[in-house]
Amino acid sequence: MATPEQLFRLDGKTLLICGASSGLGRAIALDAARLGAQLIVVARREALLDSLLAELEGQGHRRLCLDLASEEGRALLVAEARNLDGMVYAAGSLGKLVPFHLLREDLLEEQYRANALLPLLVTRALLAAKAVRNGASLVYLVSAGARISPPASAAYSGSKAFLAAALRSVALDVVKKQIRINSVMYGYVLTEAMQQLAVSDEVKAMAPLGLPEPEAVTGAPLFLLSDSGRWMTRSSMTIDAGLTLRQKVGI
Amino acid sequence: MNNRLLPKQSLAGKVIAVTGASSGIGAETARLAAAMGATIIGIARDAGRLDALHQSLPPGEHRMLIADLTDFAGLAGLVRELPKLDALVCAAGVSLLAPLRLLPESLIDKNLDINVKSPVMTVQQCLKQGRFNEEASVVLFSSIAAHTGTEGTCAYSMSKAALEGFMRPAAMELARKSVRINSIAAAIVRTPIFGQNDDSFFDQYRERYPLGLGEPVDVAAAAVFLASEASRYMTGSTIVMDGGSTWV
């Protein structure tokens, strides 16, 4: 039988973490390094990347300061990221809560671009450049919003559902190489970005298990990255503290 | 750098009861959890196989309980024998198949008794008797059959769908005690539950799953993940683990 370490650790794996400078991406990077992975951490904010790099356990990690939204950024990524055993795509935009009749076209497009098109474009670029090893695990942070679609979030919820649906198809296109593609559906997590969003305390209090810090909810992506998740593809894991179980009373 | 698991992944110091522990995914989960430091309370009917499991576990304070979990009148007494639990893994189950036209009532009852009533009433007794530690975790075994339409599986599929139906409201009630409950909906892996020994039975499924046939350890890994603190804040959810199966 495989040992627990062989199943759950990440020794010898090279992982790309997109959106590593803060929030869930940062928390996942720190734990992945503790489990023996070699990381390539990607984000726009250089100072935050440097401070992350200084905190990562182990040797040989690299950082790429670039903007995935630009073609040059993606070209640089593909030039630098090679032989990947996995990726966590944690970059995205929470946008803002806008009632649908006030939702401007540019806001809608911006969200779709940030949360659906960019992860797909980055994935396609990496696959086309053969930067992803056979047997690799690609993990995308989606949101429980993709399923529950709260009010005033048509752009955000739609963009996440778009990504989740597209990824299930991509998973079949790459399965011959034993590359696995899964998503993680998070509820509210106490990230900086979430705290800037004007989510009411009443809504936050709806999750029966409360609101987690990012450090408390890294387990699912780590599971999917490691060999423990080797029979999972086209699937997702929901970590929402029970938020999506109950019906809201009133709008 | 050490070469260990993260503290939240480890099961050191945890007490985990596993039903259906004498074979298949139950036995695999018990062995993996014990290797990760857990003390196992193995529950099953077959004394000989339970003893074989006990012998295969690393040294510890493990205990084996011989019990029939469909003896519902005896469940309260069984749960009284349990220590305080950090996790309850309900792995006992059957897969009894027949086409609808030929499906006897007794087969419907057996699927429902073993796959639904038994875990539901075990969880209920643990709750009533205060057997869950703070932040304990309950792990249920659903099946992809709960979501798919495979001929001949009417009674089995409805039992697994019922189990997932139980899980969601139970998650809300258990959350008041900070207890979590989740399920795993796996496709077919090679275990004795199907009563099949020949390779051809499993080979037909290998071709249905893009990643091939799963191993019991794959499902056991998901079970120990759900039992551990690595899955904190996860409740009322189902992990579908099916090698990427598709229905189109």
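Residues numbered from 1 in each chain as written. Chains lettered and ligands numbered in written order. Predicted model: local features only at pLDDT ≥ 70, side-chain atom pairs only at ≥ 80, totals over all residues. Heavy atoms only, no water.

Undergrad: What exactly am I supposed to notice about the overall build of chain B here?
TA: Across its full length, chain B holds seven helices and seven strands. Written out in order from the N terminus, the α and β elements of chain B read β-α-β-α-β-α-β-α-β-α-β-α-α-β. In terms of C-alpha radius of gyration, chain B reaches 17 Å, essentially the compact-globule figure of 18 Å for 248 residues. Going through the 248 residues of chain B one by one, you find that 58% of them count as buried. Within chain B, residue pairs in contact and separated by at least 24 positions form 69% of the contacts whose partners lie at least 6 positions apart. On chain B, roughly 10,500 Å² of surface is accessible, and the fraction owed to carbon and sulfur atoms is 50%. Measuring between centres, the 23 positive side-chain charges of chain B sit 6 Å from its 24 negative side-chain charges. (Helix = DSSP H or I, 4+ residues; strand = E, 2+ residues; numbered from the N terminus. Rg over C-alpha atoms; globule rule 2.2 N^0.38 Å. Buried < 20%, exposed > 50% of the residue type's maximum accessible area, 1.4 Å probe, protein only. Contact = heavy atoms within 4.5 Å. Areas by Shrake-Rupley, 256 points an atom, 1.4 Å probe, with all protein chains shown as cover. Lys, Arg positive; Asp, Glu negative; His and termini not counted. Charge placed at Lys NZ, Arg CZ, Asp CG, Glu CD.)

Undergrad: How should the interface of chain B and chain A be read in this particular structure?
TA: Interfaces are often sized by the amount of accessible area the parts lose when they come together. Taken together, the contact between chain B and chain A spans 52 residues of the former and 47 residues of the latter. Buried area between chain B and chain A, summed over both chains or domains, comes out near 3,900 Å², and the portion from carbon and sulfur atoms is 70%. Of the charged contacts, one joins Asp 31 of chain A and Lys 8 of chain B as a salt bridge, the two residues approaching to 2.8 Å between their closest N and O atoms. Linking chain B with chain A are 12 residue pairs in polar contact (both at pLDDT 80 or more). Within the residue set of the side of chain B that touches chain A, elements represented by two or more residues are helix H1 (24-35), helix H5 (154-175), strand E6 (180-186), helix H7 (216-227) and strand E7 (238-241) of chain B. The residue makeup of the side of chain B that touches chain A, split by class, is 28 nonpolar, 14 polar and 10 charged. (Buried area = accessible area lost by both parts, 1.4 Å probe. Salt bridge = Lys/Arg side-chain N within 4 Å of Asp/Glu carboxyl O. Polar contact = N/O pair within 3.5 Å; in protein donor to acceptor, adjacent residues only side chain to side chain. Nonpolar A, V, L, I, M, F, W, Y, C, P; charged D, E, K, R; others polar.)

Undergrad: Hey, could you run me through the pairing of E6 of chain B in this one?
TA: The side chains of a regular strand alternate between both faces of the sheet. Residues and elements named next belong to chain B. Burial analysis of E6 places seven of its seven residues in the buried class, the great majority of the element. Covered by surrounding structure in E6 are Arg 180, Asn 182, Ile 184 and Ala 186 together with Ile 181, Ser 183 and Ala 185, the residues of both alternating faces. When strand E5 (residues 132-141) meets E6, the two strands line up parallel, connected through five bridges. From the neighbouring strand, Val 139 faces E6, where its bridge partner is Asn 182. (Pairing = 2+ DSSP bridges.)

Undergrad: Whenever I open this one, the sheet that holds strand E2 (residues 38-43) of chain A confuses me. Can you help?
TA: Across a sheet, paired strands are connected by hydrogen bonds in the backbone, their directions being either parallel or antiparallel. Residue and element names in this part refer to chain A. The seven strands lie next to each other as E3-E2-E1-E4-E5-E6-E7, forming an open sheet whose pairing is parallel. Each edge of the open sheet is held by one strand with a lone partner, namely strand E3 (62-65) and strand E7 (235-239). Neighbour-to-neighbour, the strand axes of this sheet turn through a mean angle of 15°, independent of strand direction. As defined by bridge partners, strand E5 (residues 132-143) adjoins strand E6 (residues 180-186) across seven bridges and the pair is classed as parallel. Its bridge partner being in E6, Val 142 is matched across the sheet by Met 185. With respect to the sheet, helix H5 (residues 105-128) is in contact with strand E1 (14-18), strand E4 (84-89) and E5, its orientation differing from that of E4 by roughly 170°. (Axes fitted to C-alpha atoms, helices over the stretch in contact; angles between N-to-C directions.)

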